[in-house]
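What the coordinates show
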Amino acid sequence: QVQLVESGGGLVQPGGSLRLPCSASENIFNFNKMGWYRQAPGKERELVATINVAGKREVADAVLGRFSLSRNAERRVVYLQMSSLNPDDAGVYYCYGNIVSRHYWGQGTPVTVSS
């Protein structure tokens, strides 16, 4: 069974940085696309950033220039590096991956941005 497990969430001050790893249960290149979504309280889940198997990235305008994706195939991990965090970035961050028409989600890791 395919599993995605996030970690790295927590409390960070405005202007701070966090790195969120997403560990996959199988080769990350088996996924057509992997990445991150987030959901703030009372809002819908939204795209943060994704990377496809060829390395093409899609990044939301709200985080462009502040967040970046990287991956380590040997470790089966996709990372979301977040910097210059502000309160609007708070929410639960979910790892996502799809293999053809099957979609997979992690359990989510919370990020709080507060002084």
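A quick note: this is a predicted structure, and the numbers were derived from the prediction, not measured.

With that settled, consider the state of the cysteines. Inspection of every chain in the model, using the stated rule, returns one disulfide. A sulfur-sulfur distance of 1.9 Å marks the disulfide that ties C22 to C95. Taking the sign of the S-S torsion, about -80° here, the bridge from C22 to C95 comes out left-handed. With a gap of 73 residues between them, C22 in strand β3 (residues 18–24) and C95 in strand β9 (residues 91–99) connect regions that are remote in the sequence. Taken as a pair, C22 and C95 share a single burial class, namely buried.

A few words now on the sheet that holds strand β8 (residues 77–82). The pairing of strands in a sheet happens through backbone hydrogen bonds and is either parallel or antiparallel. In spatial order, the strands read β1-β3-β8-β7; together these four strands make up an open sheet with antiparallel pairing. The sheet is open, and its two edges are formed by β1 (4–6) and β7 (67–72), each paired on a single side. The sheet shows a mean angle of 20° between the axes of neighbouring strands, taken without regard to direction.

This brings us to the pairing of strand β4 (residues 33–39). Looking along a regular strand, one sees the side chains alternate between the two faces of the sheet. Looking at chain direction, β4 and strand β5 (residues 46–52) are connected through six bridges and run antiparallel. Looking at the pairing, M34 lines up with I51 of β5. Taking the residues that link successive antiparallel strands as the turn, the β4-β5 hairpin has six residues, and the phi of G42 there is positive, at about 75°. Summarising the sheet, β4 and β9 pair through seven bridges and their orientation is antiparallel. In the strand pairing of β9, Y37 is matched with Y94.

Glancing now at the environment of R71. Checked against the element boundaries, R71 lands in strand β7. What makes R71 partly exposed here is its relative accessible area of 28%. As for R71 and I28, which are separated by 43 residues in sequence, their C-alpha atoms are 8.5 Å apart. Here R71 is in contact with I28, F29, I51, N52, V53, A54, G55, V77 and V78, once residues within four sequence places are set aside. A polar atom in the side chain of R71 sits 3.0 Å from the backbone oxygen of N52. Looking at R71, its side chain comes within polar contact range of the main-chain oxygen of V53, at 3.4 Å.

Now for the pairing of β8. Burial of β8 is extensive: five of the six residues sit out of reach of the surface. Pairing analysis gives six bridges linking β3 to β8, with the strands arranged antiparallel. Note on β8: the bridge partner recorded for C22 is V78. Pairing between β7 and β8: six bridges, direction antiparallel. If you follow F67 over to β8, its bridge partner there is M82. Counting the residues that bridge the hairpin from β7 to β8 gives four residues, and of these R76 lies at a positive phi of roughly 60°.

The rules behind the values
Residues numbered from 1 in each chain as written. Predicted model: local features only at pLDDT ≥ 70, side-chain atom pairs only at ≥ 80, totals over all residues. Heavy atoms only, no water. Disulfide = S-S within 2.5 Å. Helix = DSSP H or I, 4+ residues; strand = E, 2+ residues; numbered from the N terminus. Buried < 20%, exposed > 50% of the residue type's maximum accessible area, 1.4 Å probe, protein only. Pairing = 2+ DSSP bridges. Axes fitted to C-alpha atoms, helices over the stretch in contact; angles between N-to-C directions. Contact = heavy atoms within 4.5 Å. Polar contact = N/O pair within 3.5 Å; in protein donor to acceptor, adjacent residues only side chain to side chain.

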